[in-house]
Amino acid sequence: MSTENLPQSPEQSPQRPPRKPRVAVVFGGRSSEHGISVVTAGAVLAAIDRTKYDVLPIGITRDGRWALTADEPERMAITDRRTPDVEELAESTEGGVLLPVDPASREVVYSEPGSVPKALGEVDVVFPVLHGPYGEDGTLQGLLELSGVPYVGAGVLASAVGQDKEYMKAVFVSYGLKVGPYAVIRPREWEQDRSAARRKIVDFAGEHGWPLFVKPARAGSSIGITKVDDLAGLDEAIEEARRHDPKILVEAALRGREIECGVLEFEDGPRASVPAEIPPPSEHSYYDFEAKYIDSTPGVVPAPLTEEETAEVRRLAVAAFDAASCEGLVRADFFLTEDDEFVINEINTMPGFTPISMFPQMWQATGVSYPELVDRLVRAALRRPTGLR
């Protein structure tokens, strides 16, 4: 890795112009959403204005190694229905990238066994495009806070709340936002008395009816979710959800339209995009992982809503953003029920972010292009200090 762009003091190079801010795009990670994170990173890397920013791509492998990767967005796409992997992009099978641990320094170091560590220069802001646990859930954000490095998106608390659907719903209810019926099976409940845990779910179904959605409490991209139509499919659905998270969430099916709305942080505060509608996918029983990412079921942007409905869902999206103390961006997902009431399903603090993802599409329809969206997020992160704020 060349070190020719490392910052120097004016005494060392009085004629050298100020360097461009350096953005480290961090992607991949240890969660089941690893591949989608790589796809997102490819889109972000392709969109960042290289005349304004230097870019450092850093991939986290599935086993947690921070790898220096090729800056080749074209290799970070879904091909033959298969998502890419950081290991395929890493410049070394053993080398690792080390973030600073001293808030007084933002210098990133690359180290390989048997070699002298190389300074990669200072990082001014991290753009984390990780989805799911070990990245979107506050863990990476906490590391960056300790390192004193600004970063795009939600802070530690908001990231954790946005990842854990149980506590997310509790926060929304406390702020007066309406959520659908749900039940939680915690790890200890399942491990100590499976029969009692099953009865809890069956009683929930007796009160709210079938079908139910059984899902990991702390995952995204519709991974690990099963639509359960009757008691016969319950055990398999529980095991599938627990493959991704020992805590599971059970939700009653809500009859209505799926509406999404993006929230973006501007200089004067958060604003909501025009909403989108996710129509029922024709080849899938619901909007699952393959419908979202492999078959790319298209959303309708803007959603065919009345002016009053549009204004209300935009208001609620910003209210959800504020309730969870979010920063940067959020995609808020709602159901518009048969009673003409918006029920919030969840927020995503790092939503799908490829140009065909719903968040960028909604902002494109609102007048913010994909490259401008990326630029706004980087600039918002550079404005914010780390620490209490």
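To start, this report covers the structure provided alongside it. (Residues numbered from 1 in each chain as written. Predicted model: local features only at pLDDT ≥ 70, side-chain atom pairs only at ≥ 80, totals over all residues. Heavy atoms only, no water.)

**A closer look at the overall build of the chain**
A tally of helices and strands in the chain yields 12 helices and 16 strands. In summary, the chain has a C-alpha radius of gyration of 22 Å against a globular reference of 21 Å for 389 residues, a match within 12%. With the model as given, the accessible surface of the chain reaches about 17,300 Å², and the carbon-plus-sulfur share is 50%. Taking the average location of the 41 positive side-chain charges in the chain and that of its 62 negative ones, the two points are 3 Å from each other. (Helix = DSSP H or I, 4+ residues; strand = E, 2+ residues; numbered from the N terminus. Rg over C-alpha atoms; globule rule 2.2 N^0.38 Å. Areas by Shrake-Rupley, 256 points an atom, 1.4 Å probe, with all protein chains shown as cover. Lys, Arg positive; Asp, Glu negative; His and termini not counted. Charge placed at Lys NZ, Arg CZ, Asp CG, Glu CD.)

**What to know about the packing of helix H7 (residues 194-208) against helix H8 (residues 234-242)**
Relative to each other, H7 and H8 sit at 110 degrees, their axes nearing to 12 Å. By the angle class used here, H7 and H8 are roughly perpendicular. Across the interface between the two elements, Arg194, Arg198, Ile201 and Val202 of H7 pack against Leu234, Asp235, Ile238 and Glu239 of H8. Residue composition of the contact of H7 with H8, by class: four nonpolar, no polar and four charged. (Axes fitted to C-alpha atoms, helices over the stretch in contact; angles between N-to-C directions. Parallel < 35°, antiparallel > 145°, perpendicular 65-115°, else oblique. Contact = heavy atoms within 4.5 Å. Nonpolar A, V, L, I, M, F, W, Y, C, P; charged D, E, K, R; others polar.)

**Considerations on H8**
Among the residues of H8, those classed as buried are Leu234, Ala237, Ile238 and Ala241. Projected onto a plane normal to the axis of H8, the buried residues spread over an arc of 100 degrees and lie on a single side. (Buried < 20%, exposed > 50% of the residue type's maximum accessible area, 1.4 Å probe, protein only. Arc of directions from axis to C-beta.)

**Considerations on a nonpolar patch on the surface**
A grouping of Val202, Trp210 and Leu231 is seen on the molecular surface, where their side chains present a nonpolar patch of about 240 Å² in accessible area. With respect to the helices and strands, Val202 occurs in helix H7. (Patch = residues over 30% accessible without salt bridge, like charges linked within 9 Å, V, L, I, M, F, W, Y side chains within 5 Å. Salt bridge = Lys/Arg side-chain N within 4 Å of Asp/Glu carboxyl O.)

**Quick word on the packing of aromatic side chains**
Here the structure, examined in full by the defined rule, presents five aromatic pairs. Ring geometry for Phe353 versus Tyr370: centroids 5.4 Å apart, planes at 50 degrees, classification tilted. Placement of the pair is Phe353 in the loop between strand S16 (342-348) and helix H11 (358-366) and Tyr370 in helix H12 (residues 370-383), with a sequence separation of 17 residues. Looking at Phe353, the relative accessible area reads 0%, which means it is buried. A network of ring pairs unites the aromatic residues Phe127, Phe353, Phe359 and Tyr370 as a single cluster. Lying over the aromatic face of Tyr134, Arg30 brings its terminal NZ or CZ to 4.0 Å of the ring centre. Sitting over the ring of Tyr182, Lys169 keeps its end group 5.5 Å from the ring centre. (Phe/Tyr/Trp six-rings, centres within 6.5 Å; stacked < 30°, edge-to-face > 60°. Lys NZ or Arg CZ within 6 Å of the ring centre and 35° of its normal.)

**Some words on the pattern of salt bridges**
Considering all chains together, one arrives at 34 salt bridges under this definition. Residue Arg271 pairs with Asp268 through a salt bridge whose shortest N-O separation is 3.3 Å. With a closest N to O distance of 2.8 Å, Arg379 and Asp375 form a salt bridge. With a gap of four residues between them, Arg379 and Asp375 both fall in helix H12, about one helical turn apart. Residues joined by salt bridges that share partners form a network here, namely Lys52, Glu267, Glu372, Asp375, Arg376, Arg379 and Arg383.

**A word on the nonpolar core**
In this structure, Val25, Phe27, Val44, Phe127 and Phe353 are the most contacted members of the largest nonpolar core, which totals 35 residues. Only strand S1 (22-28), helix H1 (34-47), helix H2 (86-89), strand S7 (125-128), strand S12 (256-266), H11 and H12 provide two or more residues apiece to this core. The residues contacting Val25, other than those within four sequence positions of it, are Ala41, Val44, Leu45, Ile48, Val55, Leu56, Pro57, Ile58, Phe127 and Val129. One finds Met168, Val313, Ala317 and Ile344 within the second-largest nonpolar core, a separate group that totals 29 residues. (Core = buried A, V, L, I, M, F, W, Y, C linked by side-chain atoms within 4.5 Å.)

**A look at unusual backbone geometry**
Cis geometry marks the peptide bond from Trp210 to Pro211, where omega comes out at 0 degrees. In the segment running from Val301 into Pro302, the intervening peptide bond is cis, with an omega of -5 degrees. With respect to the helices and strands, Pro302 occurs in the loop between helix H9 (289-294) and helix H10 (307-323). One non-glycine residue, Ser325, adopts positive backbone phi at about 55 degrees. Counting through the fold element by element, Ser325 comes out in the loop between H10 and strand S15 (329-337). Here Ser325 falls in the partly exposed class, since its relative accessible area comes to 43%. Its identity as a non-glycine residue notwithstanding, Asp340 has a phi of 60 degrees, on the positive side. Inspection of the secondary structure puts Asp340 in the loop between S15 and S16. What makes Asp340 exposed here is its relative accessible area of 61%.

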